[in-house]
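# Secondary and tertiary structure notes
Here is how the chains run, residue by residue.
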Amino acid sequence: MSYALRHWSLMKAAAMLKPTAEKRLAESRAQVGALVVTAGVVGAEVVVDGKAVGKAPREGEVFVDAGEHRVEARLEGYAPASQTVKVAKGGTAAAALALVPVKSEAQEAAPGARAAEGGRAPGAGAGAPAAEMPPAEPAYPGPEPQKRSWVPVIALGAASAVGLGVGVGMTVASRNARSEADAQRAAIMSRGPGCVHAPSDVASACGAFEDSTSRAGTLGTGAIVAYAASGALATGALVYALWPRSTVSGTSVGMRPTASLAADETMLGVVGVW
């Protein structure tokens with residue numbers, strides 16, 4: 001929830017939910033402690049109580065139970081750094097870890113130490129592989145896969161459910177209006193030849209019959225539109241959820257839209273590989 005609030009969508013539908021999310025986070029936050037961990041070297045692995053929680057620089061806090069916790073930072077070529085911190089419920093504790101480069105054996109050996117060995121011929125050991133020096137600076141971690149926001153899926157799914165509900169409601173109302181029109185038609189036919197050249201006592205019933213028939217047709221058309229909109233929104237949510245995410249900006253994912261128009265069909269689809 002903390003991550004969601006830091007990257008909250010700007011959609012109006014999502015903005016309505018943000019106060020509720022903030023309230024829930026505050027309620028949950030009061031039950032746990034938080035650690036703000038900093039390490040002096042980019043790419044260092046951060047470990048809390050033996051469990052890796054990401055790499056430096058780490059975004060956001062690490063939520064933990066109240067009490068003491070051991071925080072470590074590890075990176076190849078550097079001596080591990082650790083610190084024990086104590087945090088209370090609803091509180092925040094900071095852990096600053098300084099990583100120190102590890103010297104190789106070749107760096108630690110003093111020139112006088114090699115001269116004191118004595119008895120070794122000049123050049124003895126020449127050609128032996130030199131001790132590998134640790135890198136002066138760590139390599140930056142590669143790009144991480146872009147994280148997917150599920151807010152559009154939830155919004156599209158909710159809108160699809162609303163559209164489906166509207167379609168069902170209009171279908172029921174259309175059937176009721178149709179049944180009412182059938183009853184009115186039967187009553188009119190039982191009283192004479194119908195609405196063509198109808199006498200004055202039947203004309204009002206014919207008008208009511210026409211209103212019921214028109215209302216049934218309008219509601220039926222609205223139901224079809226609502227069903228179509230619900231299906232389109234559900235399809236949009238499904239495509240967004242299954243659409244591959246690229247780890248490199250601008251990389252093609254092999255997706256393309258396709259359309260087919262014929263005398264007896266109309267199709268719009270998305271072709272690709274998952």
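Given the structure is predicted, the values throughout are model-derived calculations rather than measurements. (Residues numbered from 1 in each chain as written. Predicted model: local features only at pLDDT ≥ 70, side-chain atom pairs only at ≥ 80, totals over all residues. Heavy atoms only, no water.)

## Concerning the overall build of the chain
Along the chain, the regular secondary structure elements total seven helices and eleven strands. Each of the 274 residues in the chain was classed as buried or not, and the buried ones make up 21%. Across the chain, contacts joining residues at least 24 apart in sequence account for 57% of those joining residues at least 6 apart. In the form shown here, the chain has an accessible surface area of approximately 18,300 Å², with 60% of it arising from carbon and sulfur atoms. (Helix = DSSP H or I, 4+ residues; strand = E, 2+ residues; numbered from the N terminus. Buried < 20%, exposed > 50% of the residue type's maximum accessible area, 1.4 Å probe, protein only. Contact = heavy atoms within 4.5 Å. Areas by Shrake-Rupley, 256 points an atom, 1.4 Å probe, with all protein chains shown as cover.)

## Quick look at a nonpolar patch on the surface
Judged by side-chain polarity, L164, V168, V172 and Y227 come together as a nonpolar surface patch covering roughly 330 Å² of accessible area. Relative to the assigned elements, V168 resides in helix α6 (residues 151–191). The exposure class assigned to V168 is partly exposed, which follows from its relative accessible area of 42%. (Patch = residues over 30% accessible without salt bridge, like charges linked within 9 Å, V, L, I, M, F, W, Y side chains within 5 Å. Salt bridge = Lys/Arg side-chain N within 4 Å of Asp/Glu carboxyl O.)

## With respect to the sheet that holds strand β5 (residues 67–74)
One open sheet holds the four strands; their spatial order is β3-β2-β5-β7, and the pairing between them is antiparallel. At either end of the open sheet lies a strand with only one pairing partner, and these are β3 (51–55) and β7 (81–87). Sheet twist, expressed as the mean angle between neighbouring strand axes with direction ignored, is 25°. (Pairing = 2+ DSSP bridges. Axes fitted to C-alpha atoms, helices over the stretch in contact; angles between N-to-C directions.)

## Section: the sheet that holds strand β8 (residues 92–97)
Strand order in the open sheet formed by three strands is β4-β1-β8, and the pairing between neighbours is mixed. The open sheet has two edge strands, β4 (62–64) and β8, and neither has a second partner. Sheet twist, expressed as the mean angle between neighbouring strand axes with direction ignored, is 30°. Pairing analysis gives six bridges linking strand β1 (residues 33–39) to β8, with the strands arranged parallel. When the sheet's bridge partners are listed, A39 is paired in β8 with L97.

## Some remarks on the pattern of salt bridges
When the charged atoms of two side chains with opposite charge come close together, those side chains can pair. In total, this model carries four salt bridges according to the counting rule given. Across the pair R24 and E27 runs a salt bridge, and its minimum N-O distance is 3.7 Å. With a gap of three residues between them, R24 and E27 both fall in helix α3 (residues 18–29), about one helical turn apart. R24 gets classed as partly exposed once you look at its relative accessible area, which sits at 38%. E180 is paired through a salt bridge with R215; the nearest N and O atoms lie 3.1 Å apart. Remark: R215 occurs in helix α7 (residues 200–242) and E180 occurs in helix α6; sequence separation between them is 35 residues. Looking at E180, the relative accessible area reads 36%, which means it is partly exposed.

## Thoughts on the environment of L25
With respect to the helices and strands, L25 occurs in helix α3. In the structure, L25 is positioned 23 residues away from S2 in sequence and 6.8 Å away in space, judged by C-alpha atoms. Discounting chain neighbours no more than four positions away, the residues touching L25 are M1, S2 and L5.

## What to know about the environment of Y3
Structurally, the position occupied by Y3 is in helix α1 (residues 2–6). Since its relative accessible area comes to 37%, Y3 is described here as partly exposed. Expressed as a C-alpha distance, the spacing of Y3 and E61, which sit 58 residues apart in the sequence, is 9.5 Å.

## Brief notes about α6
The first and last C-alpha atoms of α6 sit 60 Å apart over 41 residues, in line with the 60 Å expected at 1.5 Å per residue. For α6, every residue scored as buried is listed here: P152, V153, S160, G163, G167, T171, S174, A177, A181, Q184 and I188. (Expected span 1.5 Å × (residues − 1).)

## Observations regarding unusual backbone geometry
Residues apart from glycine generally show negative phi values, whereas peptide bonds are mostly found in trans. Residues A56 and P57 are joined by a peptide bond in cis, for which omega reads -5°. The topology assignment puts P57 in the loop between β3 and β4. Non-glycine residue D49 carries a positive phi angle of around 55°. Mapped onto the fold, D49 is located in the loop between β2 (45–48) and β3.

## Brief notes about the side chain of S230
If you trace the backbone, S230 turns up in helix α7. Residue class for S230 comes out buried when judged on its relative accessible area of 6%. Polar side-chain contacts of S230 include one of 2.7 Å to the backbone oxygen of S160. Every residue in contact with S230, bar those within four places of it in the chain, is listed here: S160, G163 and L164. (Polar contact = N/O pair within 3.5 Å; in protein donor to acceptor, adjacent residues only side chain to side chain.)

## Digging into the confidence of the model for the chain
When pLDDT is averaged along the chain, the result is 77, and 69% of the positions lie at 70 or above. Counted against residues more than four places away or in other chains, residues 118–132, with its pLDDT under 50, gives three contacts. Low pLDDT, under 50, characterises residues 136–140; the predicted model gives this stretch seven contacts beyond four residues in sequence or across chains. (pLDDT = per-residue confidence, 0-100.)

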